[in-house]
Amino acid sequence: MQDFDEGEKFDIRKLPRLEVSKPMDAMMRIAAGIFLLLIPYGTLIRLVRDNGLQPGSAAIIGLVYAAFLTAVYYGCKRYYLLDRTRNALFKVTRVFGMVSESYLCSLGDIACVTIDSRERMTKNGGSTGQFWYESCFVLKNNKIVRLHRTFEDSYDEIQDAEQYAEYLGVNFFGPKPGLEMKVCKTPDGKTIVEFVR
């Protein structure tokens, strides 16, 4: 572990690695809660009421299901890892203590960091005026690595993306809600992001 002098200003670039992970935002937590809790427990209640399933058996099934969800929630995680020691970006999957990493690119292949914003649409295709914000790494070959998406206030997403850009020493391009993200090359060969209608 690296020690920092109390008087020294914190420099994110001195960290040997940086985890790029984002917990589910509130909208996704609500959707997951409805899908993973209300539907199965509603089915159990209906089985007790209609089919004569014993309440004690239903309670045991409910507890086993809750324990399973808790184990999955705390035991499984997917994230990206910026590793300065190995000079690479990895996608990491951790399942109950077993970790697997897949190499994506070297840190030098990342040209810039940006945030794409997309409007949330209604079921019939209408506009809502609300936006998803998604942090992205843009590689020098114009490939886009989409990191995480949030529906909540864009401030946290911008702050995180600025940290990634600072850690990598590359440019950051903030979101422009309502405009489409386009990756371009400048005449001198640098990769930039433009937002167009």
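Here, the structure is the one placed above.
Here the structure is a predicted model, which is why all the values come from computation and not from measurement. (Residues numbered from 1 in each chain as written. Predicted model: local features only at pLDDT ≥ 70, side-chain atom pairs only at ≥ 80, totals over all residues. Heavy atoms only, no water.)

Caption draft 1: Just the pattern of salt bridges, in detail. Considering all chains together, one arrives at six salt bridges under this definition. A salt bridge links Glu101 to Arg86; the shortest N-O distance between them is 2.9 Å. Placement of the pair is Glu101 in strand E4 (residues 98-106) and Arg86 in the loop between strand E2 (76-83) and strand E3 (88-95), with a sequence separation of 15 residues. The class for Arg86 is partly exposed, based on a relative accessible area of 42%. Each of Asp83, Arg86 and Glu101 takes part in one network of salt bridges that share partners. (Salt bridge = Lys/Arg side-chain N within 4 Å of Asp/Glu carboxyl O. Helix = DSSP H or I, 4+ residues; strand = E, 2+ residues; numbered from the N terminus. Buried < 20%, exposed > 50% of the residue type's maximum accessible area, 1.4 Å probe, protein only.)

Caption draft 2: Spatial organisation of a nonpolar patch on the surface. Side chains of Ile34, Phe35, Leu36, Leu37, Leu38 and Ile39 sit close together on the surface and give an oily, nonpolar patch of about 580 Å² of accessible area. Among the secondary structure elements, Ile34 is positioned in helix H1 (residues 26-51). Given the relative accessible area of 44%, Ile34 is considered partly exposed. (Patch = residues over 30% accessible without salt bridge, like charges linked within 9 Å, V, L, I, M, F, W, Y side chains within 5 Å. Areas by Shrake-Rupley, 256 points an atom, 1.4 Å probe, with all protein chains shown as cover.)

Caption draft 3: Molecular detail of the nonpolar core. Leu82, Leu89, Ile110 and Phe137 are the most contacted members of the largest nonpolar core, which has 22 residues in total. Elements with a minimum of two residues in this core: strand E1 (17-20), E2, strand E5 (110-121), strand E6 (127-139), strand E7 (144-150) and helix H3 (154-168). Here this core gets five residues from one element, more than from any other, and that element is H3. With near-sequence residues (within four places) excluded, Ile110 lies in contact with Leu82, Leu89, Cys105, Phe137, Val138, Leu139, Lys140, Leu168 and Val170. In terms of nonpolar packing, the next biggest core, distinct from the first, is built from eight residues, Cys112, Val138, Met181 and Val193 among them. (Core = buried A, V, L, I, M, F, W, Y, C linked by side-chain atoms within 4.5 Å. Contact = heavy atoms within 4.5 Å.)

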